[in-house]
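Chain by chain, the residues:
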Amino acid sequence: MTWEIFKFELKYRWKRPATYIYFAIMFLLPFLAAAWDQLTIGGAAGQIKENAPHNISFMMLIVTAIPGLLLAAGIMGTPIIRDYEHKTSSLFFTTPITKFQYLTGRFLGSFLTALFVFSGIIFGMALGHLSPWVDPDKLLPFSLWNYLHPFIFIALPNLFIMSGIFFMGGALSKKMLVVFTQGVGILVLYIISSQFLSDLDSQTTAALMDPFAVGTHNHVSQYWTVAEKNSQVIPLEGLMLSNRLLWMAVSLLALILTYVFFDFSASKKSKKQKTATKSADEPARIASTTIIPQVTQHDGLATNIKQMFGMSWFYFKWIFKQVPFIAILAAGILIMLSNSQNWGKVYGIFRLPTTYSMLELIQTFNLFFIIIIVMYTGELIWKERDVKMNLIYDALPYPNFVTLAGKFFAMVYMFVTLLFILMVTAITVQAMSGYTDFQIGLYIKTLFSDTLSFLLLFTFLGFLFQSLTNHKFVGHAVFVLFFISTMIFGQLGIEHRMFQFGSTGLGNFSDMNGYGHYLPTFSWFNLYWFGFAGVLFAVALLFSTRGAETGFMMRLKKSRLRLTKPLLTFSLFSLMIFCLLYTSPSPRDRG
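In short, a report on the structure.

The rules behind these values
Residues numbered from 1 in each chain as written. Predicted model: local features only at pLDDT ≥ 70, side-chain atom pairs only at ≥ 80, totals over all residues. Heavy atoms only, no water. Helix = DSSP H or I, 4+ residues; strand = E, 2+ residues; numbered from the N terminus. Expected span 1.5 Å × (residues − 1). Buried < 20%, exposed > 50% of the residue type's maximum accessible area, 1.4 Å probe, protein only. Contact = heavy atoms within 4.5 Å. 1 Å grid on protein atoms, 1.4 Å probe; cavity = no way out; pocket = protein on both sides within 12 Å on 5 of 7 lines; lining within 4 Å. Points joined across faces, edges and corners; volume = space filled by probe spheres on them. Nonpolar A, V, L, I, M, F, W, Y, C, P; charged D, E, K, R; others polar. Phe/Tyr/Trp six-rings, centres within 6.5 Å; stacked < 30°, edge-to-face > 60°. Lys NZ or Arg CZ within 6 Å of the ring centre and 35° of its normal. Salt bridge = Lys/Arg side-chain N within 4 Å of Asp/Glu carboxyl O.

Attention now goes to helix H17 (residues 301-321). The periodicity of an α-helix, 3.6 residues per turn, causes residues three or four positions apart to be oriented the same way. Between its first and last C-alpha atoms H17 spans 30 Å; for 21 residues at 1.5 Å apiece the expected length is 30 Å, and the two agree. Among the residues of H17, Thr-303, Asn-304, Met-308, Met-311, Ser-312, Tyr-315, Phe-316, Trp-318 and Ile-319 are the ones counted as buried. Residues of H17 that are buried in the fold lie against helix H18 (323-340), helix H20 (366-381), helix H21 (383-386) and helix H23 (400-432).

Okay, empty space enclosed by the protein next. According to the stated counting rule, one finds three cavities of 30 Å³ or more in the structure shown. Approximately 310 Å³ is the volume attributed to the largest cavity. Taken together, 18 residues make up the lining of the largest cavity; nearest its centre are Ile-381, Asp-394, Thr-403, Lys-407 and Thr-545. Counting residues per element, the ones that place at least two in the lining of the largest cavity are H21, helix H22 (390-394), H23 and helix H24 (440-469). Broken down by class, the residue content of the lining of the largest cavity amounts to five nonpolar, eight polar and five charged.

Take the packing of aromatic side chains next. For any pair of aromatic rings, the description consists of the separation of the ring centres together with the inter-plane angle of the planes. On inspection of all chains with the given rule, the structure shows 49 aromatic pairs. Measuring from centroid to centroid gives 5.0 Å for Phe-532 and Phe-578, while their planes differ by 40°, and the two rings are tilted. On the criterion of sequence distance, the pair formed by Phe-532 in helix H26 (residues 518-543) and Phe-578 in helix H28 (residues 565-583) is long-range, its members being 46 residues apart. Overall, Phe-532 belongs to the partly exposed group, its relative accessible area being 26%. The class for Phe-578 is buried, based on a relative accessible area of 16%. The ring of Trp-382 carries the charged tip of Arg-385 above its face, separated from the ring centre by 3.9 Å.

What follows is about the pattern of salt bridges. The final tally for this structure, using the stated rule, is eight salt bridges. Note that Lys-7 is salt-bridged to Glu-4, the shortest N-O span being 3.7 Å. Taken as a pair, Lys-7 and Glu-4 lie in helix H1 (residues 2-14) at a separation of three residues, close to a single helical turn. Residue Lys-7 is classed as partly exposed on the basis of its relative accessible area, which comes to 28%. Linking Arg-106 and Glu-9 is a salt bridge whose minimum nitrogen-to-oxygen distance equals 2.5 Å. Of this pair, Arg-106 sits in helix H7 (residues 99-118) while Glu-9 sits in helix H1; the two residues are 97 residues apart in sequence, bridging distant segments of the chain. Side by side, Arg-106 and Glu-9 carry an identical accessibility label, which is buried. Salt bridges sharing common partners tie together Glu-9, Arg-13, Arg-82, Asp-83 and Arg-106.

Have a look at this one:
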């Protein structure tokens, strides 16, 4: 039966467009990095050739760590969760198969799919280096072993490590949020290990702690000559071998724990189900004595706005009750406090923890802001569908903007709360350092203008991706790919803020004149990008899923009916602001 479940999982995966989208992402990133001089991932510089073994292995590590982490979570965390979401778990649990056969078939089928996706790294990198437009003077003679060695001994172990951990999270929790939180935990551990790697006394420990072995790779080869980097692969010995064995043992332990604690039973009920069953058995006389109140129905814009803010408060409370959200917040603050220990240290001398210095420290939380936006734009868009309540909600008499705008405002409330938490954390760091000139006004002016506008703009973008793709994990992947593309734009010379989404730039603070002449520019660019964001929000409304028919062509047909006069007016007004400022000399001259 293991073989049958394995084949079923493979057939399901290989029929899904997401599998090939993931492969395309893992193919395109190394291909572009290898084929274009403007995009670099790795250490090719000076006399180090672009296809040097050292550069190939480092590029593989980076690709498996950044987009690979999210894609592995989307592939390896879902096989068991999918059975529970589709209500097919009971069918499997009542058939004559064992727990080992069920889990093994699901894991191996998903792992082989992930292996196919990650193989795109080899094909993309090799074809990129073989492209006819690449300068042959920057390349070594082609050697297939230079690609296979790091993939087999470095990238493939990374995939197995992530697969075991994510499979355990999905199988035991039955929630994808937990799987993504595991990914955040792995990322935090990598960040902490990279910080300790700069300390000579803790380099060995840091090299072992790194789950991706990126720091281990750099530590092993830090004293290599140019000739060695051009000719030698990273040997699987010493710290590199110890790191791989340690983390593969962690992954194997995760799989063992999955087998031990996974409940292979169709009869178990949750506390909520037991409570519901108990309530259903109560005497019917309670229902017969209940007085049905008389209600008056209200309709119109005022009612819709009230519904929107009611929904926004509901979604806001739901976000803050999520354990994964609390874990992400705690991890971000932990990294922020860890960075504060040496923040402002120059040549062994510490600067005063001024407010503008603390604002720079708060920027270390930006990575976690991005993670929260990517995760919770998807979770909010899919919330009703995940709990199978979407058809009931979709049948209720309210316009589309009520739900989407309510979810957007929930994100706004959440961001405002987070910014206050970060402000209090920064003030605490100042107070513990004996610095009392807190400048609360500067905190509020900066965080609730520059930082908040950045967060809101990318929230609009996240809702757009989720609405267009109509696939939670593909939406996540497209969002991450967009972030990576913004880095590519800079290397391609596209640096003007009018072409870099969300680039408003409040500038540097000065004790002499504050933000000075940066404020007018900041205001113009905010108006410019929020005009564009209004258009994105309108498109997200037009293509949002409502009802049982979720195909793109059907949503395209429905979008014509959804283009009401108020929405058309809002869209044209937003587009007019965007176009007027695009052609205006004010922002163009200040980019």
